[in-house]
Amino acid sequence: MLIIHGAYHFWPKRVAFRDDYCLRCRAPRRTIAVRTFDVGHIFWIPILPVGYWRHWTCTVCAHDPHKSPRTRRSFLWAGWLCLVAVSVILWEMPSDTDLGAGGWILRIAAPLAAILLFVYLLRTPADASLREKLAALPPTADVVCPFCSIPLASGTGERWSCPACSAVRY
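Residues numbered from 1 in each chain as written. Predicted model: local features only at pLDDT ≥ 70, side-chain atom pairs only at ≥ 80, totals over all residues. Heavy atoms only, no water.

## Comments concerning the overall build of the chain
So, step 1. A count of helical and extended segments in the chain gives 3 helices and 6 strands.
So, step 2. Ordered by position from N to C terminus, the α and β elements of the chain give β-β-β-α-α-α-β-β-β.
So, step 3. Whereas a compact globule of 170 residues would reach a radius of gyration of roughly 15 Å, the chain reaches 25 Å, over 25% beyond that.
So, step 4. Here the chain holds 170 residues, and the buried ones make up 25% of them.
So, step 5. Put simply, of all contacts in the chain between residues at least 6 apart along the chain, 54% involve residues at least 24 apart.
So, step 6. Total accessible area on the chain stands at roughly 11800 Å², and carbon and sulfur atoms take up 65% of it. (Helix = DSSP H or I, 4+ residues; strand = E, 2+ residues; numbered from the N terminus. Rg over C-alpha atoms; globule rule 2.2 N^0.38 Å. Buried < 20%, exposed > 50% of the residue type's maximum accessible area, 1.4 Å probe, protein only. Contact = heavy atoms within 4.5 Å. Areas by Shrake-Rupley, 256 points an atom, 1.4 Å probe, with all protein chains shown as cover.)

Put into structure tokens, the structure is as follows:
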């Protein structure tokens, strides 16, 4: 049974900005926080109000800056193990069984794909962690609000906020 579900984001409001590292862009970028009232829906009917949430988005690619578009290395290693297992199973089958052309193509393609994936995994270095990339970024030093171009007012500690739109500099 197919159940269509998701979330609606009502009443978006820009509430903060910061310099961040975007994993999709693979570069330091400006990100903004948008506060919305989120409601879960089933078959496009709002059912479950979840409350106010803050969503950070990159100003260049408009995606979550900390969500990586790449496949995790652990999943690639699991895929390699599955390819090796499929290759062993296919080559352990007796050759007198009727495999057909598709079976022989799989017998050759599975080990080849396993070898190529293994070489890829050994050659590509592991990326630096997001924590290391964020530590290398200098803190945001803006004194003017990027949303309404009004000078920011200093607050407690390192927090500065805009008196007009209430946006906070992180």
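## Overview of the nonpolar core
So, step 1. Of all hydrophobic cores here, the largest spans 8 residues; its members are Phe17, Ile32, Val34, Cys145, Phe147, Leu152, Cys162 and Ala167.
So, step 2. If near-sequence neighbours (up to four positions away) are discounted, Ile32 is found in contact with Arg14, Ala16, Phe17, His55, Trp56, Thr57, Thr59 and Phe147. (Core = buried A, V, L, I, M, F, W, Y, C linked by side-chain atoms within 4.5 Å.)

## Examining the pairing of strand S1 (residues 5-22)
Regular strands show a simple pattern: their side chains alternate between the two faces of the sheet.
So, step 1. Relative to strand S2 (residues 27-42), S1 runs antiparallel, the two being bridged by 15 bridges. Of the residues in S2, the one forming a bridge with Phe10 is Phe37.
So, step 2. Between S1 and the antiparallel strand that follows it, S2, lie 4 residues; Arg26 among them carries a positive phi value of about 60 degrees.
So, step 3. The pairing of S1 with strand S6 (residues 168-169) spans 2 bridges and is classified as parallel. Counted as the bridge partner of Ala16 is Val168 from S6. (Pairing = 2+ DSSP bridges.)

## Considering the side chain of Asp20
So, step 1. Position of Asp20 relative to the elements: it lies in strand S1.
So, step 2. At a separation of 3.0 Å, a polar atom in the side chain of Asp20 contacts the side chain of Arg18.
So, step 3. When neighbours within four sequence positions are excluded, Asp20 is seen to be in contact with Ala27, Pro28, Arg29, Thr31, Pro65, His66, Leu134 and Leu137. (Polar contact = N/O pair within 3.5 Å; in protein donor to acceptor, adjacent residues only side chain to side chain.)

## Observations concerning helix H1 (residues 73-92)
So, step 1. Taking 1.5 Å per residue as the helical rise, H1 with its 20 residues ought to reach 28 Å, and the 29 Å between its terminal C-alpha atoms agrees with that figure.
So, step 2. Residues of H1 that are buried: Leu76, Ser87 and Leu90. Seen along its axis, H1 keeps its buried residues to an arc of 70 degrees; they face one direction. Seen from the buried face of H1, the exposed residues on the opposite side, beyond 90 degrees, are Leu81, Ile89 and Glu92.
So, step 3. Among the structural elements, helix H2 (100-123) are those in contact with the buried residues of H1. (Expected span 1.5 Å × (residues − 1). Arc of directions from axis to C-beta.)

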